[in-house]
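Breakdown of the fold
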Amino acid sequence: MNHTLSWLHEAVTWLLTPALLALVAACAIALAEAGLALGERLWGLRRLAAMNDVLAVQRVARHRLERADLLARIPPMLGLMATIIPLGPGLAALGQGNPAALASAVTVAFDATVLGLVAGIGGLVVGKLRRRWYEELLEGMEGAE
């Protein structure tokens, strides 16, 4: 039983680095999505309206909203995962009389939380704005018919 728990602990600890890398990537993606949304608002929506194809606009809107929704949901989960993973070894180190290791683990945990929330907030804001923009565009197109 102890060998199984040891293997499980090693496997979970291995997930910390990929989770942190994914969080950094998610922040970069959130920044890129904000830039895309700005361009979409300034130029892209007019181009879509000029196509005068409601189905095409719905297709584009669905795709872009799904991207923003994923960005709003996944990074906070990764942030929570990367928050919890280092706390186990940090608490174990504290039990062995090493408070510096706990301090390091807590720092990583809080940084991961912040990264997850920053990326998630970016996705949430972009998604809400896009929803409103596409609803207004589609209402305008349907009212013009």
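Just so we're clear, the structure is a prediction, and the values are computed from it rather than from any experiment.

Further remarks concern the nonpolar core. With 13 residues, the main nonpolar core has L45, L48, V57, Y134, L137 and M141 as its most contacted residues. Of all the secondary structure elements, the ones that give two or more residues to this core are helix 2 (16–51), helix 3 (54–95) and helix 4 (99–144). A19, L78, I85 and A112 belong to the second-largest nonpolar core, a separate cluster that totals seven residues.

Along the polypeptide, E33 turns up in helix 2. The contact partners of E33, leaving out residues within four places of it in the chain, are R67, L71, V126 and R130.

Put simply, the chain has an average pLDDT of 94, and 99% of its residues get 70 or more. Within the chain, helix 2 carries the highest mean pLDDT (96), whereas helix 1 (residues 2–14) carries the lowest (82).

The first and last C-alpha atoms of helix 3 sit 63 Å apart over 42 residues, in line with the 62 Å expected at 1.5 Å per residue. The N-cap residue of helix 3 is D53: its side-chain oxygen and the backbone nitrogen of L55 are 3.3 Å apart. Taken from the residues just after helix 3, G97 is the one with a positive phi, measuring 85°.

It is worth spelling out a negative patch on the surface at this point. Taken together, the side chains of E135, E136, E139 and E142 define an acidic patch exposed on the protein surface. Here E139 shows up in helix 4. What makes E139 exposed here is its relative accessible area of 56%.

The next subject is the environment of A25. Here A25 is to be found in helix 2. Taking relative accessible area as the criterion, A25 reaches 36% and is therefore assigned partly exposed. Along the primary structure A25 and P75 are separated by 50 residues, whereas in three dimensions their C-alpha atoms are 9.5 Å apart.

Procedures and definitions
- Residues numbered from 1 in each chain as written.
- Predicted model: local features only at pLDDT ≥ 70, side-chain atom pairs only at ≥ 80, totals over all residues.
- Heavy atoms only, no water.
- Core = buried A, V, L, I, M, F, W, Y, C linked by side-chain atoms within 4.5 Å.
- Buried < 20%, exposed > 50% of the residue type's maximum accessible area, 1.4 Å probe, protein only.
- Helix = DSSP H or I, 4+ residues; strand = E, 2+ residues; numbered from the N terminus.
- Contact = heavy atoms within 4.5 Å.
- pLDDT = per-residue confidence, 0-100.
- Expected span 1.5 Å × (residues − 1).
- Polar contact = N/O pair within 3.5 Å; in protein donor to acceptor, adjacent residues only side chain to side chain.
- Patch = residues over 30% accessible without salt bridge, like charges linked within 9 Å, V, L, I, M, F, W, Y side chains within 5 Å.
- Areas by Shrake-Rupley, 256 points an atom, 1.4 Å probe, with all protein chains shown as cover.
- Salt bridge = Lys/Arg side-chain N within 4 Å of Asp/Glu carboxyl O.
- Lys, Arg positive; Asp, Glu negative; His and termini not counted.
- Charge placed at Lys NZ, Arg CZ, Asp CG, Glu CD.

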